[in-house]
Amino acid sequence: RPPPWGEPLHLFWTMLDFPILGRRRERRNKHRLPHFTMCGQRTQAEIPVPDFTFHSYGKLSGREPDTSWAAISRRLRQGAEGRQAWRLRQRRLTFRGTVSGSRMRGALVPNLMACARNETAVPLDVQDTCCGARKRAYRVNLTEQCRSRYLLHLEGNAYSASLKYKLACGSLVLLIDTSFEEFYYPALQAHKTHVPIRLSKIWSKNEDLITRDFRTRLLPDLRAKLAYYESAEGEAAAARIAAAGQRFAAEQLGQGAISCYWYAVLRHSLLLQHAQRPGGQHATPESRAEHEADVAAFMGSMRYNIKLE
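Heads up: these notes are all about the structure in this document. (Residues numbered from 1 in each chain as written. Predicted model: local features only at pLDDT ≥ 70, side-chain atom pairs only at ≥ 80, totals over all residues. Heavy atoms only, no water.)

Observations regarding the side chain of Glu 155
The following threshold applies: A run of DSSP states H or I qualifies as a helix once it reaches four residues; a run of E qualifies as a strand once it reaches two. Both are numbered from the N-terminal end. Categorising residues by exposure relies on relative accessible area from a 1.4 Å probe, with only protein chains included: less than 20% of the type maximum marks a residue as buried, more than 50% marks it as exposed, and the intermediate range marks it as partly exposed. The charged-residue count follows a simple rule in which Lys and Arg add positive charge and Asp and Glu add negative charge, with His and chain termini not counted at all. A pairing counts as a salt bridge when a side-chain nitrogen of Lys or Arg comes within 4 Å of a carboxyl oxygen of Asp or Glu. Residues adjacent in sequence count toward polar contacts only when both atoms are side-chain atoms; beyond that, a polar contact is any pair of N or O atoms within 3.5 Å, and within protein one must be able to donate a hydrogen and the other to accept it. Here, residues are in contact when the closest pair of their heavy atoms is within 4.5 Å.
Within the secondary structure, Glu 155 sits in the loop between strand 6 (148-153) and helix 7 (163-169). One buried charge, Glu 155, has no salt-bridge partner; the nearest side chain with opposite charge is Arg 103, at 8.0 Å. Here Ser 179 takes part through its backbone nitrogen, which lies 3.4 Å from a polar atom of the side chain of Glu 155. Discounting residues that sit within four places of it in the chain, Glu 155 has contacts with Ser 102, Met 104, Arg 105, Ser 160, Asp 177, Thr 178, Ser 179 and Phe 180.

Some remarks on helix 4 (residues 103-114)
Since the α-helix packs 3.6 residues into each turn, any two residues three or four apart lie on the same face. In plain terms, the rule: Given the number of residues in a helix, its expected span is that number minus one, multiplied by 1.5 Å.
Look at helix 4: 18 Å from first C-alpha to last across twelve residues, which is about the 16 Å you get at 1.5 Å a residue. Among the residues of helix 4, those classed as buried are Met 104, Arg 105, Ala 107, Leu 108, Val 109, Asn 111 and Leu 112.

Quick notes on the pairing of strand 5 (residues 124-128)
A regular strand places its side chains on the two faces of the sheet in alternate fashion. To keep things clear, this is the line we draw: Any two strands with at least two DSSP bridges between them are considered paired.
Most of strand 5 sits out of view: four of its five residues are buried. As judged from the five bridges shared by strand 4 (residues 90-97) and strand 5, these two strands associate in the parallel manner. Pairing of Phe 95 across the sheet is with Val 126, part of strand 5.

Quick look at the state of the cysteines
For clarity, the threshold we go by: The disulfide criterion is simple: two cysteine sulfur atoms within 2.5 Å.
In this structure the tally under the stated criterion is one disulfide. Across a sulfur-sulfur distance of 1.9 Å, Cys 146 and Cys 169 are joined as a disulfide pair. A torsion of -65° about the S-S bond marks the disulfide between Cys 146 and Cys 169 as left-handed. Note that Cys 146 is positioned in the loop between helix 6 (142-145) and strand 6 and Cys 169 in helix 7, a separation of 23 residues in sequence.

Regarding unusual backbone geometry
In the Ramachandran plot, His 191 falls in the positive-phi region, its phi being about 65° despite a non-glycine side chain. Examined against the element boundaries, His 191 turns out to sit in the loop between strand 7 (172-176) and strand 8 (195-197). Overall, the relative accessible area of 43% leaves His 191 in the partly exposed class.

Quick word on the pattern of salt bridges
Scanning the model with the defined rule gives ten salt bridges in all. Taking the shortest distance from any N to any O, the salt bridge between Asp 125 and Arg 96 comes out at 3.0 Å. In this pair, Asp 125 is assigned in strand 5 and Arg 96 in strand 4, connecting sequence segments 29 residues apart. Look at Arg 96 and you get buried, because its relative accessible area is 15%. The salt bridge partner of Glu 230 is Arg 149, with a shortest N-O separation of 2.9 Å. Taken together, the residues span a long stretch of sequence, with Glu 230 in helix 8 (residues 207-230) and Arg 149 in strand 6 at a distance of 81 residues. For Glu 230, a relative accessible area of 18% corresponds to the buried category. Residue classification places Arg 149 among the buried residues on the basis of a relative accessible area of 6%. Where salt bridges share partners, they join Glu 81, Arg 92, Glu 144 and Arg 147 into one cluster.

Overview of the packing of aromatic side chains
Our working definition: For Phe, Tyr and Trp, rings pair up if their centres lie within 6.5 Å, where Trp contributes its six-membered ring, and each pair is then called stacked (planes under 30 degrees apart), edge-to-face (over 60) or tilted (otherwise). Think of it as a cone above the ring: NZ of Lys or CZ of Arg counts as a charge over the ring if it is within 6 Å of the ring centre and within 35 degrees of the ring normal.
Tallied over the entire structure, the rule returns eleven aromatic pairs. On the basis of an interplanar angle of 55° and a centroid distance of 5.8 Å, the ring pair of Phe 54 and Phe 183 is categorised as tilted. Pair noted here: Phe 54 is in the loop between strand 3 (47-48) and helix 2 (69-78) and Phe 183 is in the loop between strand 7 and strand 8, with a separation of 129 residues, a long-range link. Owing to a relative accessible area of 15%, Phe 54 belongs among the buried residues under this scheme. Relative accessible area serves as the criterion here: at 1%, Phe 183 is assigned to the buried category. Look at Trp 69 and Tyr 165: their rings are 5.4 Å apart centre to centre, the planes differ by 80°, and that puts the pair in the edge-to-face class. Separated by 96 residues along the polypeptide, Trp 69 in helix 2 and Tyr 165 in helix 7 bring together distant segments of the chain. By relative accessible area, Trp 69 is classed as buried at 4%. In textbook terms, an aromatic cluster arises when at least three aromatic residues are bridged by ring pairs, as seen for Phe 52, Phe 54, Tyr 57, Trp 69, Tyr 165, Phe 183, Tyr 184, Tyr 185, Phe 248 and Tyr 261. In this arrangement the basic side chain of Arg 149 is found over the ring face of Trp 86, its NZ or CZ atom lying 4.7 Å from the centre. Above the ring of Trp 69, the side-chain terminus of Lys 164 is found at 5.9 Å from the ring centroid.

Examining the nonpolar core
As a reminder of what qualifies: Think of a nonpolar core as a cluster: buried Ala, Val, Leu, Ile, Met, Phe, Trp, Tyr and Cys residues, connected wherever their side-chain atoms sit within 4.5 Å.
Formed by 33 residues in total, the largest nonpolar core has its most connected members in Leu 93, Tyr 150, Leu 172 and Leu 174. In terms of residue count, helix 8 provides more of this core than any other element does, seven residues in total. Look past the residues within four positions of Tyr 150 in its chain and what remains in contact with it is Trp 86, Arg 92, Leu 93, Thr 94, Val 122, Leu 172, Leu 174, Leu 226, Tyr 229 and Glu 230. Core analysis: the second largest hydrophobic core is formed by 29 residues, Tyr 165, Tyr 185, Leu 188 and Ile 258 among them.

Describing a nonpolar patch on the surface
Note the following rule: Patch membership is restricted to residues that have no salt bridge and whose relative accessible area is over 30%. Joining uses 9 Å for like charges and 5 Å for the nonpolar side chains Val, Leu, Ile, Met, Phe, Trp and Tyr. Accessibility throughout is a Shrake-Rupley quantity obtained with a 1.4 Å probe, and a residue counts as covered only by protein chains that appear here.
Taken together, Leu 16, Phe 18 and Ile 20 make up a surface patch of nonpolar side chains, about 240 Å² in accessible area. The class of Leu 16 is partly exposed, set by a relative accessible area of 35%.

Without other data, these values stay purely geometric and don't point to any function.
In structure tokens form, the structure reads like this:
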């Protein structure tokens, strides 16, 4: 039975870049309501929801009067760079980002920067834009990045909000495995919306192991994929994947899709809030089972299930 209309809805939001509530802790403490966060992890209990960058993003300020995702993504798609045919873009792989604070970037970016120019099928344009002189010398705006055939995505201190902007460019996005997922990640399809670069499970935990395995694991995989997509056979596939990624950003991250996601979040949160008996304890085992079924339905609704045509 739906809860009475007009009653307040209580939401709990983790105001950090990463989730903090483990699934074991959630079960042990029998949390009644889910917590929301800007990104999720498989070991954590929070539900990821759209972050602040959908409203505005200060890092993109300057010449941009409107830094909302809707405005930026529209400019990226409709600009000359976003509409340029993939094969006419510059033959390079581009990455810009701050290394400080990120274990993954701290291990991989210096190694990628040290690669010889002829080690991969296209030049690796990878730079740390941490601060000061480096930031002024190497920072490249989104429009310029869209001129590259390939864009590399690496997690930051936790998740990195830049993935959706790279998809909107219409470049081929190479996504290195990440343990942090924004709400839409489950809808992405490997080799259909992006190209995955796989890592072993140990990589995100130990910087020394990441560095040691770079040349035996990641670099050969990256080299092989770039060589394939630069070939006559792979060029058509690259253009198709890049276009599908751009279409995904436009359709599945548009205002209509975001509103549907929030509707599911708020509706199920309201149902869960009223699923318990007064007093904070379930009156019967049956009521507990009913509550757990509601939780399972809520968790299931928070994962995209999209089939790309």
